Amino acid sequence: MNRVEENYKRWLSSTKVSDEEKETLKNMSIKERDDAFFQDIEFGTAGMRGVLGPGTNRMNMHTVRKATIAFALYLLEKYPDARVRGVAISHDNRYLSREFTLESAQILNEMGINAYIFDSLRPTPELSFAVRYAHCVGGIMITASHNPKQYNGYKVYDETGCQLVPTKIKRLLEIIRELPDELSIDVKKDAHPGHLTVFDSKIDDDYVELVKKIQVWPNLDKSGFKIVYTPQHGTSYENAMRVFKDLGYEIYPVEKQCIHDPNFGATLSPNPEVAEAFIEPLKLAEDIHAPFIVMTDPDGDRCGLAYLSSKGTYERFTGNESAALLLDYLLSGYQKQGRLPKDGVVYDTIVSSSLARKVAESYGLKVESFLTGFKYIGDRIAHYEKLGVGPTFVFGYEESYGCLISPFVRDKDGIQAILLYCEMALFYFKKGIPLDVAYKNLEERVGFVSSLSESVYFEGSEGSKAMKAIMDSLHQEAPKMILDLPVLRVEDYKKGEIFDLKTNTKIPTHMDLSDVVKLVLEDTSWIAVRPSGTEPKCKFYVEASGNKEEGLKEKAFALVKAIKEILGVKD
């Protein structure tokens, strides 16, 4: 009997599996059964994320219970005062999010650990803030971020409000492997149960006040500047609307997307990275002649935007483009106000565009790049904070629409991003400069690039094998030529080495090992490939460089097409 059949029959025969779950199991197709049971749901460095439903590879009460028991054991082992300091928990709008939150809190209490929850859903950045606010030893965020409605997830945070980096999560993963399976595990109850505390409204007030303090030019005239906003049915609505109202912005919310609907009924996609997410906001913007659109994903940590261009059409920025333009706005303002730190540092990732790096360097700031995952940025902020010396944090961002301006939060913060993107757009609006013109002016000053990312899905056990084979081929023998351009450098983060093909030398990456390969071409264009840590898909990142704007987008598309053909990947 193979693994799938063993797990499937174990679930069908278990008294801990409900009749409703068993009925779902019986109605599964062979393909659905394979995907639900071919592996245990992965608890990676980004926590767990998966489709809701019964199965070992699914998000359900059984897999959440095991994860919470493991996290509790990890915290009790690591922190002598874990019981008293406790754990903060929050959740998004998805199916079972509140139930997973209450179950996690109950397990922590039964194991002697205090727990703090909110009275309802709250965004991911406020959970990060809450950990620090309540001096907890850790945090749990129940969310599947921007994934489709059938997903949910479970992320864990350390005492600094940052997601656990590999060096910290290693022991947690060991504990998970040592525990019984998700149906056999029991909670070891402590003689002195922990207490459950519901945060009062002061935590929301304090968070919002800190967000408002990040403004660069708070006295800009806001008259005549209409903004369309949507939370995509998610968690940012209450905090964002408070910020907008308090600061006098003229906001027009997409009302049917402001309902906390787990079915995401009024949007084709809650992901700010895709055009489908902008359909309803664009309709409203066109009706009221609004020059700017801003949105967050469901857990409120990512921010996407669209704008009325110089051509009279609505256009969208990629995460790389919006971050570079915002960074230039911030640094220009700080410089004019005399508060640009001489030891300032900007953090990005190895798959982020070089444009923001060029912006930072044009103002004399240093840039540090990390593996994908905002936890690395949050951890580096905490590292220098603990040392008491080091560079001054100015800005951190990922290409996937996430950024951080003020480090009272240690994760991406969509509320901070919304405020400053709106301020930036207002600033250019009052000068009569459309954002596409502002962006072109920026490129003419620091250099032209075109970046994009694409994803290819690999479902089930066969898909998992196919994705592994693709990555294995890259690690074993990376291509030496792409589109008639020689590959000058192979950055293999799984091997932990950078291979210079021109000099035939290798140097270490000095980063945690990760399944990523980045190919840097002769003209400084590059391609990076990595499997997603949260979904069954492989991601392709490309940046095309050149001395002029013309032809760069076409070149970027040609590069991603070429690498997929080399690897035998079909869309």
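Small disclaimer: the values here were computed from a predicted structure and weren't measured.

Analysis parameters
Residues numbered from 1 in each chain as written. Predicted model: local features only at pLDDT ≥ 70, side-chain atom pairs only at ≥ 80, totals over all residues. Heavy atoms only, no water. Helix = DSSP H or I, 4+ residues; strand = E, 2+ residues; numbered from the N terminus. Buried < 20%, exposed > 50% of the residue type's maximum accessible area, 1.4 Å probe, protein only. Contact = heavy atoms within 4.5 Å. Areas by Shrake-Rupley, 256 points an atom, 1.4 Å probe, with all protein chains shown as cover. Lys, Arg positive; Asp, Glu negative; His and termini not counted. Charge placed at Lys NZ, Arg CZ, Asp CG, Glu CD. Pairing = 2+ DSSP bridges. Polar contact = N/O pair within 3.5 Å; in protein donor to acceptor, adjacent residues only side chain to side chain. Salt bridge = Lys/Arg side-chain N within 4 Å of Asp/Glu carboxyl O. Phe/Tyr/Trp six-rings, centres within 6.5 Å; stacked < 30°, edge-to-face > 60°. Lys NZ or Arg CZ within 6 Å of the ring centre and 35° of its normal. Axes fitted to C-alpha atoms, helices over the stretch in contact; angles between N-to-C directions.

## With respect to the overall build of the protein chain
- A tally of regular secondary structure across the protein chain gives 18 helices and 23 strands.
- Across its three principal axes, the protein chain shows a C-alpha extent of roughly 65 × 55 × 50 Å.
- Out of the 571 residues belonging to the protein chain, those deemed buried represent 59%.
- If you take every contact in the protein chain between residues at least 6 apart in sequence, the share linking residues at least 24 apart comes to 69%.
- Accessible area of the protein chain: about 23600 Å², with a carbon and sulfur share of 51%.
- In the protein chain, which carries 72 positive and 84 negative side-chain charges, the distance between the mean positions of the two groups comes to 2 Å.

## Points about the pairing of strand β14 (residues 392-398)
- Burial within β14 is extensive, with 6 of its 7 residues counted as buried.
- Sheet topology note: the strand β12 (residues 344-349)/β14 ladder contains 4 bridges and is parallel. What sits directly across from Gly344, in β14, is Thr392.
- As judged from the 3 bridges shared by β14 and strand β15 (residues 402-404), these two strands associate in the antiparallel manner. Among the inter-strand pairings, Tyr397 is bridged to a residue of β15, identified as Cys403.

## What about helix α7 (residues 124-133)?
- With 8 of its 10 residues buried, α7 lies for the most part within the structure.
- When α7 is considered as a whole, its buried residues turn out to be Thr124, Pro125, Glu126, Leu127, Ser128, Phe129, Ala130 and Val131.
- Residues of α7 that are buried sit in contact with β2 (87-91), β4 (138-142), β5 (151-157), α9 (202-212), α10 (237-246) and α15 (414-430).
- Phi for His135, located one or two positions after α7, is positive at around 55°.

## Some points on the environment of Thr372
- If you trace the backbone, Thr372 turns up in the loop between β13 (366-370) and α14 (374-387).
- For Thr372 and Met467, which are 95 residues apart along the polypeptide, the C-alpha to C-alpha distance reads 18 Å.
- Not counting residues up to four positions away in its chain, the partners in contact with Thr372 are Thr349, Val351, Glu398 and Arg530.

## A look at the side chain of Thr267
- Tracing the chain through its elements places Thr267 in the loop between β8 (250-253) and α11 (279-288).
- Within the local environment of Thr267, its side chain forms a polar contact with the side chain of Gln232, the two groups lying 2.8 Å apart.
- Within the structure, Thr267 has its side chain in polar contact with the backbone oxygen of Ser269 (distance 2.7 Å).

## Some words on the pattern of salt bridges
- Counting across every chain of the model gives 42 salt bridges.
- Notably, a salt bridge pairs Arg242 with Asp205, separated by 3.0 Å at the nearest N-O pair. A residue pair is termed long-range when its members are at least 10 positions apart, and Arg242 in helix α10 and Asp205 in helix α9 qualify at 37 residues.
- Relative accessible area serves as the criterion here: at 30%, Asp205 is assigned to the partly exposed category.

## Thoughts on the packing of aromatic side chains
- Per the stated rule, a full pass over the model turns up 22 aromatic pairs.
- Ring geometry for Phe129 versus Tyr207: centroids 5.7 Å apart, planes at 55°, classification tilted. In this pair, Phe129 sits in helix α7 while Tyr207 sits in helix α9, placing the two residues 78 residues apart along the sequence.
- With relative accessibility at 7%, the residue Phe129 sits in the buried group.
- Judged by its relative accessible area of 0%, Tyr207 falls in the buried class.
- If you follow Lys506 out to its NZ or CZ, it ends over the ring of Phe499, 5.6 Å from the centre.

## Points about the side chain of Ser269
- Looking at the element boundaries, Ser269 is found in the loop between β8 and α11.
- The residues touching Ser269, leaving out its near neighbours within four places in the chain, are Gln232, Val274, Glu276 and Ala277.

## Let's talk about the sheet that holds β14
- One open sheet accounts for 4 strands, arranged β13-β12-β14-β15; its pairing is mixed. At either margin of the open sheet sits one strand with a lone partner, and together these are β13 and β15. Ignoring which end each strand starts from, the neighbouring axes of this sheet average 20° apart.
- Where β12 and β13 come together, 5 bridges link them in parallel fashion. Each bridged residue has a counterpart across the sheet, and for Val346 the counterpart in β13 is Val367.
- Sheet strands in contact with helix α13 (residues 354-362) are β12, β13 and β14, and its direction is about 155° off that of β13.

## Some points on the sheet that holds strand β1 (residues 48-51)
- Taken together, 6 strands build an open sheet; the order of strands is β1-β5-β4-β2-β3-β6 and the sheet is mixed. In this open sheet, the two edge strands, each paired with only one partner strand, are β1 and β6 (196-198). Within this sheet the neighbouring strands show an average axis-to-axis angle of 15°, counted without direction.
- Summarising the sheet, β4 and β5 pair through 4 bridges and their orientation is antiparallel. When the bridges of β5 are listed, Ile142 appears paired with Tyr154.
- Contacts from helix α4 (residues 61-78) reach β1, β2, β4 and β5, with the element oriented near 5° to β5.

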